[in-house]
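Residues per chain, in single letters:
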Amino acid sequence: MTVREVRPVRIAVLGCAAIARRRMLPAFHASAHTRVVMVASRDGRRAAELAAPYGCRAAAGYDAALEAPEVDAVYVPLPSALHATWVEKALLAGKHVLAEKPLTLDRNRTAELAALAREQGRALMENVMFVHHPQHHRVRRLIAEGAIGELRTFHASFTVPRLPISDIRFAPALGGGALTDTGVYPVRAALHFLGDGLEVVGSSLTRTAGLDVDTAGTALLRTPGGVTAQLTFGLDHGYRSGYELGGSRGRIVLNHAFTPPADHRPVIRVETAEGAVEVAPDPADQVANTVDAFAAAARTAAPLDEASIEQARLLDAIRRKAITGTADQMEVMA
């Protein structure tokens, strides 16, 4: 079989989550490298409704996807607390796995699944899409070229307005909370630009009164070389999605950093003593890029990215070191 005749990776989707409906299923369907062959759900009727536009099989129960010989890989957009269980089952069933972030709620469990994927000879990938947008590669190139001198600081924020109280982000039993939902973005961005070896110096997690999960958080990280990263995340805020890198000669600022639509025209602002310059990379579809990256990973049984393991370590450390309380309590403590 020639390269052009390579069969698309045949994918089953476990569950009918909003991200599967709105983003991933259309991207799987549009890609030349993947083909949706099944939607599995605890509710067979919902599975049938979601599968219909793609002309694929619907199944009641997730196990049906793991038992199907026509399925090469599964996409797991279930609540965070269920990821580890179904990722493990899928790997043991011989399927490649793309799982929503965070991959698990525990750094040790993440490392175990990475090892299991290697043992099974199957690809395991965490669905962190923004790292597949070329705007961040352009930022890294600017830093490498010395556009702002030696790197000194990193600031990143990802905050979103409050969703209905029934949303799974507010369910502690399902792994809800700002750290696991929005905190992943600035943490992964810090890893993307500062590399491994980050240490959590301190952190804070707060709850909006009446809610049982953290709805806001901050963390201070530090590299072995002394570069600091200040991270902000939340579920009860005005929308913010961006980062800033400060150097010895200036700074780089990028807004709309983490979830830009495919037609968004990025603007990377570089400010130095000589003035400000705006670099404008072409628009890019990070969802499509992620799907293609997963298809390539499945064909080579690529191991889990080490950044996902480091990310799990940092999220765990932020949680363990956090000062916690409600917003009112935090005001009294201040």
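Residues numbered from 1 in each chain as written. Predicted model: local features only at pLDDT ≥ 70, side-chain atom pairs only at ≥ 80, totals over all residues. Heavy atoms only, no water.

Student: It is not clear to me how empty space enclosed by the protein should be interpreted in this structure. Could you clarify?
Tutor: If a probe as big as a water molecule is rolled over the atoms, it shows which places are left empty. Scanning the model with the defined rule gives 2 cavities of 30 Å³ or more in all. What lines the largest cavity is Pro102, Thr104, Leu105, Asp106, Arg107, Thr180, Ala312, Leu315, Asp316 and Arg319. No other element matches the 4 residues that helix α10 (residues 306-321) contributes to the lining of the largest cavity. Taken together, the residues of the lining of the largest cavity break down into 4 nonpolar, 2 polar and 4 charged. Each pocket or cavity is described by its volume, and for the second largest cavity that value is around 30 Å³. (1 Å grid on protein atoms, 1.4 Å probe; cavity = no way out; pocket = protein on both sides within 12 Å on 5 of 7 lines; lining within 4 Å. Points joined across faces, edges and corners; volume = space filled by probe spheres on them. Helix = DSSP H or I, 4+ residues; strand = E, 2+ residues; numbered from the N terminus. Nonpolar A, V, L, I, M, F, W, Y, C, P; charged D, E, K, R; others polar.)

Student: Sorry, what's going on with the environment of Gly250 here?
Tutor: Tracing the backbone through its elements, the reader meets Gly250 in strand β12 (residues 250-255). Exposure remark for Gly250: the relative accessible area of 17% places this residue in the buried category. (Buried < 20%, exposed > 50% of the residue type's maximum accessible area, 1.4 Å probe, protein only.)

Student: Sorry, what's going on with helix α4 (residues 80-92) here?
Tutor: Residues that lie three or four places apart on an α-helix share one face, since the helix turns once every 3.6 residues. Given a rise of 1.5 Å per residue, 13 residues ought to cover 18 Å, and the 19 Å separating the end C-alpha atoms of α4 matches this to within 8%. Residues of α4 that are buried include every one of Ser80, His83, Ala84, Trp86, Val87, Ala90 and Leu91, and no others. Summarising the contacts, the buried residues of α4 are in contact with β1 (9-14), α3 (63-67), β4 (73-76), β5 (96-99), α5 (107-120) and β6 (124-126). Following α4 by one or two positions, Gly94 adopts a phi angle in the positive range, close to 85 degrees. (Expected span 1.5 Å × (residues − 1). Contact = heavy atoms within 4.5 Å.)

Student: Explain the layout of surface pockets here, please?
Tutor: Looking at the largest pocket, its volume works out to about 1200 Å³. Lining the largest pocket are 44 residues, with Ala18, Ile19, Ile168, Arg169 and Asp181 sitting closest to its centre. Those elements that provide at least two residues to the lining of the largest pocket are α1 (18-30), α4 and α7 (178-181). The biggest single contributor to the lining of the largest pocket is α1, with 5 residues. Taken together, the residues of the lining of the largest pocket break down into 22 nonpolar, 11 polar and 11 charged. Approximately 290 Å³ is the volume attributed to the second largest pocket. Taken together, 19 residues line the second largest pocket, and the ones lying closest to its centre are Val131, His132, Arg188, Asp305 and Ala307. For the lining of the second largest pocket, the secondary structure elements donating two or more residues are β6, α8 (184-194), α9 (286-300) and α10. Its residues assigned to classes, the lining of the second largest pocket comprises 11 nonpolar, 4 polar and 4 charged.

Student: I keep staring at the nonpolar core and nothing clicks. Help me out?
Tutor: For soluble globular proteins, nonpolar side chains are generally found buried alongside one another. Grouped together as the largest cluster of nonpolar side chains are 50 residues, with contacts concentrated most on Phe154, Tyr243 and Leu245. Counting residues per element, this core draws most heavily on α8, which supplies 8 residues. What Phe154 contacts, discounting residues up to four positions off in sequence, is Pro186, Ala189, Ala190, Phe193, Leu194, Thr228, Ala229, Gln230, Leu231, Tyr243, Glu244 and Leu245. By size, the runner-up hydrophobic cluster in this structure holds 30 residues, among which are Leu14, Trp86, Leu91 and Leu124. (Core = buried A, V, L, I, M, F, W, Y, C linked by side-chain atoms within 4.5 Å.)

Student: Just checking my understanding: could you explain the sheet that holds strand β2 (residues 34-41) for this structure?
Tutor: Pairing between the strands of a sheet is mediated by backbone hydrogen bonds and can be parallel or antiparallel. Ordered by their spatial adjacency, 6 strands build an open sheet running β3-β2-β1-β4-β5-β6, and the pairing between neighbours is parallel. With one partner strand each, in any of the chains shown, β3 (57-60) and β6 form the two edges of the open sheet. Ignoring strand direction, the axes of neighbouring strands in this sheet form an average angle of 20 degrees. Examined bridge by bridge, β2 and β3 share 4 bridges and lie parallel to one another. Looking across to β3, one finds that Val39 is bridged to Ala58. (Pairing = 2+ DSSP bridges. Axes fitted to C-alpha atoms, helices over the stretch in contact; angles between N-to-C directions.)

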